[in-house]
Amino acid sequence: MADLVQERAGVRVLVCDPDGPPVATVQDALDLVGAAFLGAQAVAVPASRLDDEFFSLGSRFAGEVMQKFVNYRLRLVVLGDISRHLAASSALRALVHESNRADHVWFLPDLEALDARLRATA
């Protein structure tokens, strides 16, 4: 499956292919932002596509990526199991907790959880 814009719970979401190119640089993130300009309001990226640096907050990569999405008024949704990263970092656990309480960046287990969250915020 290629990256594809889908209507999910009334919201247009760019659902990224788990086998797509890795997001390892800010430019890679901007490429997703550009693809979302085909009409998406959110981008759902499998955690497996994110470079490990994203989950190492000291690298500042996550902050840079999240800020790009906020600047372009797009919701970033990280999908999948990030438990090994959470186990290694209390700072990441705090970031995920706070992000999931807000509206710009969500960390969710799967597309079904995304659908439920979108329905709850409608």
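Residues numbered from 1 in each chain as written. Predicted model: local features only at pLDDT ≥ 70, side-chain atom pairs only at ≥ 80, totals over all residues. Heavy atoms only, no water.

**Quick word on the overall build of the chain**
Each helix and strand counted, the chain has 5 helices and 5 strands in total. Sequence-ordered secondary structure for the chain, helices as α and strands as β, is β-β-α-β-α-β-α-α-β-α. A compact globule built from 122 residues should have a C-alpha radius of gyration of about 14 Å, and the chain, at 13 Å, falls within 12% of that. C-alpha extents for the chain along the principal axes are approximately 35 × 30 × 25 Å. In the chain, which comprises 122 residues, the share counted as buried stands at 39%. As displayed, the chain has an accessible area near 6500 Å², and 53% of this comes from carbon and sulfur atoms. Computed over 12 positive and 16 negative side-chain charges, the inter-centroid distance for the chain is 7 Å. (Helix = DSSP H or I, 4+ residues; strand = E, 2+ residues; numbered from the N terminus. Rg over C-alpha atoms; globule rule 2.2 N^0.38 Å. Buried < 20%, exposed > 50% of the residue type's maximum accessible area, 1.4 Å probe, protein only. Areas by Shrake-Rupley, 256 points an atom, 1.4 Å probe, with all protein chains shown as cover. Lys, Arg positive; Asp, Glu negative; His and termini not counted. Charge placed at Lys NZ, Arg CZ, Asp CG, Glu CD.)

**Looking at the pattern of salt bridges**
Think of it this way: side chains of opposite charge can pair up when their charged atoms draw near. The tally for this structure, following the rule as stated, stands at 5 salt bridges. A salt bridge links Arg 8 to Asp 115, with the nearest nitrogen and oxygen atoms 2.8 Å apart. Of the two residues, Arg 8 is situated in strand S1 (residues 4-8) and Asp 115 in helix H5 (residues 111-121); the sequence distance between them amounts to 107 residues. The class of Arg 8 is buried, set by a relative accessible area of 14%. (Salt bridge = Lys/Arg side-chain N within 4 Å of Asp/Glu carboxyl O.)

**Regarding the pairing of S1**
The side chains of a regular strand alternate between both faces of the sheet. Direction of pairing for S1 relative to strand S2 (residues 11-15): antiparallel, over a ladder of 5 bridges. Of the residues in S2, the one forming a bridge with Arg 8 is Val 11. Between S1 and S2, which follow one another and run antiparallel, lie 2 residues, and Ala 9 among them has a positive phi close to 55 degrees. (Pairing = 2+ DSSP bridges.)

**Section: the nonpolar core**
Counting 27 residues, the largest nonpolar core has Val 43, Val 45, Phe 54, Phe 55, Phe 69, Leu 76 and Val 78 as the members making the most contacts within it. Mapped onto this core, the elements with two or more residues apiece are helix H1 (26-36), strand S3 (42-46), helix H2 (61-71), strand S4 (75-79), helix H4 (90-101) and strand S5 (105-108). Residue contributions to this core peak at 5 residues, all from H2. (Core = buried A, V, L, I, M, F, W, Y, C linked by side-chain atoms within 4.5 Å.)

**Here's the deal with the sheet that holds S3**
Taken in spatial order, the 5 strands make up an open sheet running S1-S2-S3-S4-S5, and their pairing is mixed. At either end of the open sheet lies a strand with only one pairing partner, and these are S1 and S5. Going across the sheet, the axis of each strand differs from the next one's by a mean of 25 degrees, ignoring polarity. Sitting on the sheet, H2 is in contact with S3, S4 and S5, with an inclination near 135 degrees to S4. (Axes fitted to C-alpha atoms, helices over the stretch in contact; angles between N-to-C directions. Contact = heavy atoms within 4.5 Å.)

**Concerning H1**
An α-helical segment advances 3.6 residues per turn. Residues three or four places apart therefore align on the same side. Listed as buried for H1 are Ala 29, Leu 32, Val 33 and Ala 36. Seen along its axis, H1 keeps its buried residues to an arc of 105 degrees; they face one direction. On its buried side, H1 packs onto S2, S3 and H2. (Arc of directions from axis to C-beta.)

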